[in-house]
Amino acid sequence: MMKTTGPDGLLIRNFSIKRISSFRIGGIARSYYIPGDISGLLRFLKQARETNSDYYIVGNASNILFNDRMYKGTLISLKGFTNYIQLEKDGVTAGASLALDTAVDLCIGNSFKGLEKLSGIPGSIGGALVMNAGAFGSEIGDCVEWVKVLTHLGRFRTLLKKEINFTYRKAEPLEKYIILEAKLRLKKGQKKDLLKIRRDILKKRQKNQPLEYPSCGSIFKRPENNFAGTLIEKAGLKGFRIGGAEVSRKHANFIINRGKASARDVSQLMDVIRGEVHKMSGIILEPEIKFFNF
Ligand SMILES: Cc1cc2nc3c(=O)[nH]c(=O)nc-3n(C[C@H](O)[C@H](O)[C@H](O)COP(=O)(O)OP(=O)(O)OC[C@H]3O[C@@H](n4cnc5c(N)ncnc54)[C@H](O)[C@@H]3O)c2cc1C
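Now for a look at the structure at hand. Given the structure is predicted, the values throughout are model-derived calculations rather than measurements. (Residues numbered from 1 in each chain as written. Predicted model: local features only at pLDDT ≥ 70, side-chain atom pairs only at ≥ 80, totals over all residues. Heavy atoms only, no water.)

Concerning the sheet that holds strand β19 (residues 245-247)
Move 1: Taking strand neighbours across the sheet as the criterion, the 3 strands line up as β18-β19-β20 in an open arrangement whose pairing is antiparallel. Since the sheet does not close on itself, it has two edges, and those belong to β18 (241-242) and β20 (255-257), each with one partner.
Move 2: Its contacts with the sheet put helix α6 (residues 263-281) on β18, β19 and β20, and the angle it makes with β19 is roughly 30°. (Pairing = 2+ DSSP bridges. Helix = DSSP H or I, 4+ residues; strand = E, 2+ residues; numbered from the N terminus. Contact = heavy atoms within 4.5 Å. Axes fitted to C-alpha atoms, helices over the stretch in contact; angles between N-to-C directions.)

Take a look at the structure:
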């Protein structure tokens, strides 16, 4: 591994992706780049276009299964210049790499209502927008007023909510862009009520999710009128293991890394789950996580 710090930010060569993946899985990336400011990112994009080099934006890497093989491009994190939040009279403007949970906490602290049910989701604002992250009947898309993005040609655009199709764990066309910041429009609420919702949700997550192990959260999307976890449990797969990847006994829609899981272990386990659930119920489970470099 070689690190270079300069006016353009931090560049790490031969970077072990495991270090940033919430699954603790992934091969080596040729480079990992954290631009120090927007000019560094713009210069990088120009060079990447000129040299036809591949790159991929990551947030907190809590919803991506990175392959074990080498990635010959550059992973880019925007945390060098988009880790901020600004309070407005009708909500907040948050940078893409701010932790979603930090935004939730700060909003509640300022009696802003709307994000509290997203407590404990370990993503960034950018990743949460791309995934339209949600929980307990609430989604980040519900609060979006606009999203400021950069095109891969280096042009700035502001997308209004009506230009984004927020659906279940999807927000087209955000994935085509580099998300820089978003305005979340929020109403005023009672701080003590919001705090109670947050505390209850964090307790539920602690009780029902295997947070003691690396994972990517829910592996499969919720099928219509059903729950992936219930189907997987009914198929008798709780505790089923391939290599270091195991179907959690605490929450069957979580695959946990018991220590040395590879991306192959996880993807094979997902195939078995899909096959068994389909055999039992006729339902085809759709992955919620993103696959990278497969
Ligand atoms: C324990 C646990 C619990 C979880 N609980 C929930 C839950 O309750 N609800 C839920 O919805 N999810 C949940 N998740 C999944 C995950 O946290 C969310 O999907 C989260 O929103 C992903 O954000 P991220 O920053 O980690 O995105 P990443 O995983 O880094 O990226 C996800 C996608 O977004 C893209 N992306 C990220 N940032 C940018 C950007 N700035 N510009 C352009 N593209 C970008 C990436 O390229 C990738 O395609 C959970 C995960 C874990 C590990």
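Past the structure itself, the notes keep going.
Section: the side chain of Gln209
Move 1: By the secondary structure assignment, Gln209 is in the loop between α4 (191-208) and α5 (228-234).
Move 2: With a relative accessible area of 15%, Gln209 lands in the buried category.
Move 3: Dropping the residues within four chain positions of it, Gln209 is found in contact with Lys204, Lys250, His251 and Phe254. (Buried < 20%, exposed > 50% of the residue type's maximum accessible area, 1.4 Å probe, protein only.)

Some points on the pattern of salt bridges
For side chains of opposite charge, pairing can occur when their charged atoms come near one another.
Move 1: Throughout the structure, instances matching the rule amount to 19 salt bridges.
Move 2: Residue Arg185 is joined to Glu145 by a salt bridge in which the shortest nitrogen-to-oxygen separation is 3.1 Å. Highlighted residues: Arg185 in strand β16 (residues 178-185) and Glu145 in strand β12 (residues 144-150), separated in sequence by 40 residues.
Move 3: Judged by relative accessible area, Glu145 falls into the partly exposed class, the value being 24%.
Move 4: Between Lys238 and Glu233 there is a salt bridge, and its shortest N-O distance comes to 3.5 Å.
Move 5: Among the residues examined, Lys238 registers a relative accessible area of 29% and is labelled partly exposed.
Move 6: Residue Glu233 is classed as partly exposed on the basis of its relative accessible area of 43%. (Salt bridge = Lys/Arg side-chain N within 4 Å of Asp/Glu carboxyl O.)

Things to note about the pairing of strand β6 (residues 71-77)
Move 1: Of all 7 residues in β6, 6 are buried; the element is thus mostly enclosed.
Move 2: Across 4 bridges, strand β3 (residues 28-35) lies against β6 in parallel orientation. The residue of β6 that forms the bridge with Ser31 is Thr74.
Move 3: Of the pairings in the sheet, the one linking strand β4 (residues 55-58) to β6 comprises 4 bridges and is parallel in character. Note on β6: the bridge partner recorded for Ile57 is Ile76.

A word on the packing of aromatic side chains
Move 1: Per the counting criterion, the structure on display carries 7 aromatic pairs.
Move 2: Between the aromatic rings of Tyr56 and Phe292, the centroid separation amounts to 4.2 Å while the plane-to-plane angle is 25°, which identifies the pairing as stacked. Linking Tyr56 in strand β4 with Phe292 in strand β21 (residues 290-292), this pair joins segments that are 236 residues apart in sequence.
Move 3: When its relative accessible area of 8% is taken as the criterion, Phe292 is described as buried.
Move 4: Taken together, the ring pairs connect Tyr56, Phe66, Tyr71 and Phe292 into an aromatic cluster.
Move 5: Lying across the ring of Phe112, Lys188 places its NZ or CZ 4.2 Å from the centre.
Move 6: Lying over the aromatic face of Tyr168, Arg222 brings its terminal NZ or CZ to 4.9 Å of the ring centre. (Phe/Tyr/Trp six-rings, centres within 6.5 Å; stacked < 30°, edge-to-face > 60°. Lys NZ or Arg CZ within 6 Å of the ring centre and 35° of its normal.)

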